[in-house]
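In case you want the letters, here they are:
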Amino acid sequence: MDSHANLAYVANHLGGSVSVIDGEAGAVVRILSLGSASGSNGAALDPVSGLLYVANKFTGDVSRARVADGVPPATIPTGSQPDGIAVDPASGRVYVANFGSNTISLFDGATGAIAREVGAGGEPSFIALDPDRGRFYVTHHMGATVGSYDLASGDLLKTIPTGGGPYGIALDAGRGRLYTADRDGMSVTIIDLTTESVIKHMPLNCTPYQVAVNPASGHLYVVCADDRQMHIYNEDTTRWLAWVPVGRGACEGIAVNAATGQVYVSNSDDDTVSIIQDSGPRVTPTPLPTRPATATPTAQPTATPTITPTLTPINQPTATTIATPTTTPTATPTGQFSATPTNTATTTPTIQPSVTPTDQPTATATRFIPGKPDRYEPDDSAIQASNLTTDGRTQEHTFHQPGDIDWARFDATAGGSYLVELIGVSGAQPVVTLYGPDGQTPVVSAAAEVQQIPEAAQASAITRFVWRAPESATNYLRISELAGEGGGNYFYTAAVTALPHSHYLPLVSNGAAEVVAARRVRGRTAPGPAAGGLTAVRALVADPTTGHLYLVGDDTLTLYDPASGRVLARTTVGQTPGGIALDEAQGRVYVASGEHHAVLALDAATLERQAVASGLTQPGGLAVVGDRLFAADTASGIVHVLATGDLHALARAPVGPGSYAVVGLPTSQRVFVGLTGSDGVAVLDARTGELLTTTRLGGLGYPQGLAADDAGGRVYVVYALAPRYRQIAILDGATGERIGVILATLDRPMANVEAIALDSGRNRLLVGDATGVLAYDLARGTWLGALPMAPDEAISDKDS
């Protein structure tokens, strides 16, 4: 990451090249060739000399390239399978973790001369430098440790135990903390840099691969590649704040530009980079140090830095905090709204909230006087509400007498998302209702769930929900005890946290269209049929009359006969295809083309193009109900309603973040939309396009594909999280409620599942994953196995 130039460098593992992303444009602006290098993995930039170093696992070397010109890169041999790499800007020395040979290579960046090979613990993986303390740290994946090494000599100084299988590593010098992503232990280890001892093992419910920090905002990022999630924590409190989706194969690369607040995650299986905007404070990039003149690399002139030298640590964050809309969906009410507040509040409360509370209650064991009001009383009405900040700071309250009701208020910004969290202890079970700016209109209601908090002595009642503000205004919380109990022992904490992770760009374009094909290298999938077969199916639909399948994979639409194993027709539809829908009445098949930002209408038999609907930002799923085509626009959270004849626009229906998969049920006149930005499925009225309800799927996350059984009145949902949860949800076609699940099996695990379709003629589900298409018998409730996917070389592609 080059924070000064706002450029990110992405090593293309199978491409022998590096993609340069302009952070402002959010696009690849240049490709740097690495010659014959293969298996490019770790990358490190020396901003002083302008030299980029890339560790190449397959060729066992490091490529050194000058980013400012086109001079061919130099090759520096290292140990076996070099993985993590780092460079010290003050000295120009480069450090490489050789995963396969259990060594660390130290070499001079300007000359390429190896200074030393250091023995390391089992499978050294990634490196973090701490120049201020004269240390560098390496995760020993097999050894379940982190090695502390002398920055100058490379000597091993100390071995620090971590959770099992540490891989990714991140360092916050200002806070004096080191973090490791413990893959085998499903945890994050937090290490104090002063004492080089473990502060905490933070357990997770997913497998972490990479970690990163943004010192300016104090946020820790943990990437769980199997679940396609990046979790965000507060560094100071280790409080979980939010999660956002990332692409497939997010195992190796993560980088943070603290100057812009952008986090970059590389997705090897998708050939994409996810960009997440942290809207916390920004910093001015640290001025670059200067170094004594050194020998110039062969055929590469050295540019003299002109920036004033300094070794000052990261500057203090600026006061500006930029809030942007989040992809977190509006919380669905989980309980009954309480009655109108007992006070007679006017439409707009007359008391204005203060900027911050006057002070915070002292957190001691004797903070409450039994049976006495807490320091925020009287707070029995909206007008008397205590003020809550939105930075996660807590207030401590009591239900000092039976029936006590407390009110609190906080200021929200339009489009911002807020985590409301109450924790009741010693038997208190807080119930909260969120009211709008008038203090009388209920918006969200939530009751407590009793949970065991890690490292706590007793179970606590936790009330938590996330809410997205429709306008900038003061909002109110009414808090009561579930059973109306009260007294000196009934106390709770209340906090509101503005979630800053609010901007998610799922794909970065590869620049001009004419160079995309030449530069793109396909992502890897699980082993499947030979080249030419139908693998990595992203969307599919079955013809109920003929049993033929329409399958979309990569940039191609294929018409396939599973009975004979023959490909009947094939045509290209452009990069990043989305959904597919069959219109039997029109004799058409519709395909969403991400590259063309359009929906294509093609003849169902010949796959020849007949019509185009342009202007979609990121087209996703499609569904036909009667004479209407419903097309999801993933980036905008909108479903476009089009006429099936000439594809002219009829209406637009906002549904929520990440609208992707779409299916329709003509009998019930319902349209279902999977929201990949949440764990929800939106239900629309097919006649009016009106949003009727949104069904939450119990935390399964990212509905990726939907299949409709119109006759049976059911909808089937597969998830991006299927590799972990291994199940398909069943929804009622009339109400949208979840009524059951279909479980995968060990021999049919649904790896990287993305697509699902109903073969109504044979009463079976067809599930597309990385290995092909699996069949599930609905009548018998058993998996039938994978369909044969033999290629047909006699069918030539048609350029559509």
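Residues numbered from 1 in each chain as written. Predicted model: local features only at pLDDT ≥ 70, side-chain atom pairs only at ≥ 80, totals over all residues. Heavy atoms only, no water.

## Side note on the overall build of the chain
Then step 1. A tally of helices and strands in the chain yields two helices and 61 strands.
Then step 2. Accessible surface computed for the chain: about 31,200 Å², of which carbon and sulfur atoms make up 52%. (Helix = DSSP H or I, 4+ residues; strand = E, 2+ residues; numbered from the N terminus. Areas by Shrake-Rupley, 256 points an atom, 1.4 Å probe, with all protein chains shown as cover.)

## Observations regarding the state of the cysteines
Then step 1. For the structure shown, the criterion picks out one disulfide.
Then step 2. The disulfide partner of cysteine 206 is cysteine 224, and the gap between their sulfur atoms is 2.0 Å. Here cysteine 224 lies in strand 21 (residues 219-224) and cysteine 206 lies in the loop between strand 19 (197-203) and strand 20 (210-214), a separation of 18 residues in the sequence.
Then step 3. Judged by relative accessible area, which is 3%, cysteine 206 ranks as buried.
Then step 4. Taking the relative accessible area as the measure of exposure, cysteine 224 reaches 1% and is therefore buried. (Disulfide = S-S within 2.5 Å. Buried < 20%, exposed > 50% of the residue type's maximum accessible area, 1.4 Å probe, protein only.)

## Some points on the environment of valine 741
Then step 1. Within the fold, valine 741 resides in strand 57 (residues 738-743).
Then step 2. The partly exposed category is assigned to valine 741, whose relative accessible area is 38%.
Then step 3. Distance in space between the C-alpha atoms of valine 741 and leucine 731 is 8.8 Å, their sequence separation being ten residues.
Then step 4. Once you skip the residues sitting within four places of it in the chain, valine 741 turns out to touch Gln727, Ile728, Ala729 and Ile730. (Contact = heavy atoms within 4.5 Å.)

## Things to note about the pairing of strand 13 (residues 135-140)
Along any regular strand, the residues point their side chains to alternate faces of the sheet.
Then step 1. Most of strand 13 sits out of view: five of its six residues are buried.
Then step 2. By the bridge criterion, five bridges tie strand 12 (residues 124-130) to strand 13 in an arrangement that is antiparallel. Bridging from a neighbouring strand, leucine 129 pairs with phenylalanine 136 of strand 13.
Then step 3. Where strand 12 hands over to strand 13, the hairpin turn is made up of four residues, of which glycine 134 adopts a positive phi near 70 degrees. (Pairing = 2+ DSSP bridges.)

## Re the sheet that holds strand 43 (residues 588-593)
Then step 1. Here four strands make up an open sheet; going across it, the order is 42-43-44-45 and the pairing antiparallel. Among the strands making up the open sheet, the edge pair consists of strand 42 (577-583) and strand 45 (609-614). With direction set aside, neighbouring strand axes in the sheet form an average angle of 20 degrees.
Then step 2. Note that strand 44 (residues 598-603) and strand 45 share five bridges and pair antiparallel. In the sheet register, leucine 602 faces strand 45, and the bridge partner there is arginine 609. (Axes fitted to C-alpha atoms, helices over the stretch in contact; angles between N-to-C directions.)

## Comments concerning the pattern of salt bridges
Think of it this way: side chains of opposite charge can pair up when their charged atoms draw near.
Then step 1. Counted by the stated rule, this structure contains twelve salt bridges.
Then step 2. For aspartate 130, the salt bridge identified is with arginine 133, shortest N-O distance 3.0 Å.
Then step 3. Residue class for aspartate 130 comes out buried when judged on its relative accessible area of 1%.
Then step 4. One salt bridge in this structure joins arginine 780 and aspartate 777, with 3.4 Å as the shortest N-O distance.
Then step 5. For aspartate 777, a relative accessible area of 12% translates into the label buried.
Then step 6. One salt-bridge network, held together by shared partners, links Asp172, Arg175, Glu235 and Asp236. (Salt bridge = Lys/Arg side-chain N within 4 Å of Asp/Glu carboxyl O.)

## Examining the nonpolar core
Then step 1. Counting 20 residues, the largest nonpolar core has Phe410, Trp467 and Leu477 as the members making the most contacts within it.
Then step 2. Look past the residues within four positions of leucine 477 in its chain and what remains in contact with it is Leu388, Asp406, Trp407, Ala408, Phe410, Val420, Val432, Thr433, Leu434 and Val496.
Then step 3. Ala539, Ala569, Leu582 and Val591 belong to the second-largest nonpolar core, a separate cluster that totals 16 residues. (Core = buried A, V, L, I, M, F, W, Y, C linked by side-chain atoms within 4.5 Å.)

## Looking at unusual backbone geometry
Then step 1. Put simply, glutamate 377 and proline 378 share a cis peptide bond, and its omega is 0 degrees.
Then step 2. With respect to the helices and strands, proline 378 occurs in the loop between strand 26 (272-278) and strand 27 (386-387).
Then step 3. At glutamate 196, a residue that is not glycine, the phi angle is positive and equals roughly 50 degrees.
Then step 4. Mapped onto the elements, glutamate 196 comes out in the loop between strand 18 (187-192) and strand 19.
Then step 5. Notably, threonine 238 is not glycine yet its phi reads approximately 60 degrees, a positive angle.
Then step 6. Considering the arrangement of structural elements, one finds threonine 238 in the loop between strand 22 (229-234) and strand 23 (240-245).

## Concerning the confidence of the model for the chain
Then step 1. Model confidence for the chain is summarised by a mean pLDDT of 78, while 76% of its residues fall at 70 or above.
Then step 2. Predicted confidence is poor over residues 293-370, with pLDDT under 50, and the contacts of this stretch with residues over four places away or in other chains come to 165 contacts.
Then step 3. Segment residues 790-800: pLDDT under 50, and 22 contacts once partners within four positions in sequence are set aside and those in other chains are kept. (pLDDT = per-residue confidence, 0-100.)

## Structural notes on the sheet that holds strand 19
Then step 1. Within the open sheet, the four strands sit side by side as 16-17-18-19. Their pairing is antiparallel. Edge positions in the sheet fall to strand 16 (166-172) and strand 19, since each of these pairs with one other strand and no more. Geometrically, the sheet is characterised by an average inter-axis angle of 20 degrees between neighbouring strands, direction not taken into account.
Then step 2. Pairing geometry for strand 16 and strand 17 (residues 177-182), over five bridges, is antiparallel. Residue proline 166 lies in a different strand from strand 17, and its bridge partner there is aspartate 182.

## Re the pairing of strand 10 (residues 103-108)
Then step 1. Most of strand 10 is tucked away: five of the six residues are buried.
Then step 2. In the sheet, strand 9 (residues 93-98) pairs with strand 10 via six bridges, with the strands oriented antiparallel. Bridge pairing links arginine 93 to aspartate 108 in strand 10.
Then step 3. What sits between the antiparallel neighbours strand 9 and strand 10 is a turn of four residues, in which asparagine 102 has the positive phi angle 55 degrees.
Then step 4. Sheet topology places strand 10 next to strand 11 (residues 114-119); five bridges connect them, and they run antiparallel. Each bridged residue has a counterpart across the sheet, and for threonine 103 the counterpart in strand 11 is glycine 119.
Then step 5. Following strand 10, the chain reverses through five residues before pairing antiparallel with strand 11; glycine 112 in that reversal takes a positive phi of roughly 80 degrees.

## Some remarks on the packing of aromatic side chains
Within a pair of aromatic rings, the relevant descriptors are the distance that separates the centres and the angle that separates the planes.
Then step 1. Counted according to the given criterion, the structure contains eight aromatic pairs.
Then step 2. An angle of 80 degrees between the planes, with centres 4.9 Å apart, marks the rings of phenylalanine 126 and tyrosine 167 as edge-to-face. Here tyrosine 167 lies in strand 16 and phenylalanine 126 lies in strand 12, a separation of 41 residues in the sequence.
Then step 3. Residue tyrosine 167 is classed as buried on the basis of its relative accessible area, which comes to 3%.
Then step 4. A connected cluster of aromatic rings, assembled from ring pairs, spans Tyr95, Phe136 and Tyr149.
Then step 5. Above the face of the phenylalanine 99 ring, lysine 57 is positioned so that its terminal group lies 5.0 Å from the ring centre.
Then step 6. One cation-aromatic arrangement involves arginine 183 over tyrosine 167; the distance from NZ or CZ to the ring centre is 4.6 Å. (Phe/Tyr/Trp six-rings, centres within 6.5 Å; stacked < 30°, edge-to-face > 60°. Lys NZ or Arg CZ within 6 Å of the ring centre and 35° of its normal.)

## Comments concerning the environment of leucine 787
Then step 1. Note that leucine 787 resides in the segment after strand 61 (782-786).
Then step 2. Not counting the four nearest positions on each side in its chain, leucine 787 is found in contact with Leu549, Pro562, Arg764, Leu766, Val773 and Ala775.

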